[in-house]
Amino acid sequence: MLPTARPEVQALIEEVIALRRDFHRHPELGFEEVRTSAKVAQFLRESGLEPREGIAKTGVCALIEGPVDGPTLMLRADMDALPILEETDLEFASQVPGKMHACGHDLHTAILLGTARILQGMKARLKGRVKLIFQPAEEGPGGAWPMIEQGILQNPKVDYALGLHLWSDLPCGHVAIQSGPVMAAADTFQVLIHGKGGHAAYPHESADPIVAAAALIGAMQTVISRRTNPFDTAVLSVTQIRGGSADNVIPERVEFSGTIRSFQQPVRDFLVAQLQEMVPNFCKAYGVEGEFHFHQGYPPLINHPVPTGWVEQAVKKLGLPRAVQATMGGEDMAYYLQEVPGAFFFLGAAPAAKERTFPHHHPKFQLDERAVPLAMELFLRCVEECLCTE
Ligand SMILES: [Zn+2]
Ligand SMILES: [Zn+2]
């Protein structure tokens, strides 16, 4: 049995779920959330708020101010969908071929809108302010950083930040929250190997970049297994390879790329330094030339103990089961948490039927809408922990 939310939440559930289904039918990719953000702004206006639009292209922000001064707590939702062709049988499945809300951001947006309307009704109790932000492009290239660059953490200055992610492989109503690192730095890299092309029958007259690439890809894993402290978490995955055009030709060049994940900045720096040294030297042993290019992605997401404590209190008071979860996935919420103390938590929303459970970003991905009132209730209780204490 899931706990019941307060009457204000219950009264809004239907409307919030209708909004969610509307977003789901009309998914928009990062920085193209024009329809979504217009709906967001409209709902906020209908709730008595004065939203600011067009932040980092499609971002929206609104402020709810209590009568007594106090801290500013930011609540964040992401609005973007993914370039995936939806394969669910849902009545509200995507109407845009090749685009799908396959991560639950449609729910995040609807949940924060519902929460905003209730907070507006209880603002007389707030000692401080709630800043609501609806951000574009979480799935890439990232909307959080441009929102920060456009001053989203200022005017008024944000003191704390909270965000949530519904999760498809956590049972509905379970909450994963912990302080410290919970999501990984999501960096990418590219390796270029320059050899000497030639006839495949006379390899001694060439410098074969394919053989070098094959050996190097295996050897790169030893940076994780042999060089990195086993107590430091890290992942390296090569995900794309390009090279060659004919069966009887040794190509001039091979390139491959992938992602590196880690939880701590020193580990992140260490991995890059190791690879930067390894790639050219390893290639030299194969008589080819190697280049390593690093592209910095989202930073590691690190929860601060104070806001984490509010979420923990909210979970406890609601009587929801706790889960422990850290993932090597990346989240651009991490940028806000680099600037201000904050917390990001996962709320389980696995479908009741096991055969309907698919991972995030899967064409059959779906979530249990019974998580909606719980998510709103959790946000409201966190606001109460932060802004309604005696
Ligand atoms: Zn996602
Ligand atoms: Zn997501």
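As shown above, the structure is provided for reference.
Described below are features of the structure shown in this document. (Residues numbered from 1 in each chain as written. Chains lettered and ligands numbered in written order. Predicted model: local features only at pLDDT ≥ 70, side-chain atom pairs only at ≥ 80, totals over all residues.)

Focus on the environment of Ala371
With respect to the secondary-structure elements, Ala371 resides in helix α9 (residues 371-387). Note: C-alpha distance between Ala371 and Gly142 (229 residues apart in sequence) is 26 Å. In this structure, Ala371 is in contact with Leu166, Cys172, Gly173, Leu347 and Ala349, ignoring residues within four places of it in sequence. (Helix = DSSP H or I, 4+ residues; strand = E, 2+ residues; numbered from the N terminus. Contact = placed C-beta atoms within 7 Å.)

Some thoughts on the nonpolar core
Counting residues in hydrophobic clusters, the biggest one holds 107 residues, and the most contacted among them are Phe345, Leu347 and Ala375. Looking at this core, the element that brings in the most residues is α9, giving twelve residues. Here this core gathers at least three residues from each of two domains, domain 1 (7-182 + 301-387) and domain 2 (185-298). With six residues, the next largest nonpolar core counts Ala81, Met100, Cys103 and Phe365 among its residues. (Core = buried A, V, L, I, M, F, W, Y, C linked by C-beta atoms within 7 Å. Buried ≥ 20, exposed ≤ 12 C-beta atoms within 10 Å, placed from the backbone. Domains from an automatic or database assignment.)

As for the sheet that holds strand β15 (residues 322-323)
If you trace the eight strands from one edge of the open sheet to the other, you get β1-β2-β4-β3-β5-β16-β6-β15, paired in mixed fashion. What marks the edges here is a single partner per strand, and that holds for β1 (52-55) and β15. Pairing of strand β3 (residues 68-78) with strand β4 (residues 127-135) involves eight bridges; the strand directions are parallel. Looking at β4, one finds that Leu73 is bridged to Val130. Sheet contacts for helix α7 (residues 305-318): β5 (160-167), β6 (175-176), β15 and β16 (342-348); angle to β16, the most-contacted strand, approximately 30°. (Pairing = 2+ DSSP bridges. Axes fitted to C-alpha atoms, helices over the stretch in contact; angles between N-to-C directions.)

Concerning helix α5 (residues 209-227)
Its 19 residues place the ends of α5 25 Å apart at the C-alpha level, agreeing with the 27 Å of an ideal helix rising 1.5 Å per residue. Of all the bends in α5, the greatest measures close to 25° and is centred on Gln221. Looking only at α5, the buried set comprises Pro209, Ala212, Ala213, Leu216 and Met220. Turning to α5, the residues buried within the fold contact β8 (185-194), β10 (234-243), β12 (253-262) and α6 (265-285). (Expected span 1.5 Å × (residues − 1). Bend = angle between axes of the 7 residues up to and from the residue.)

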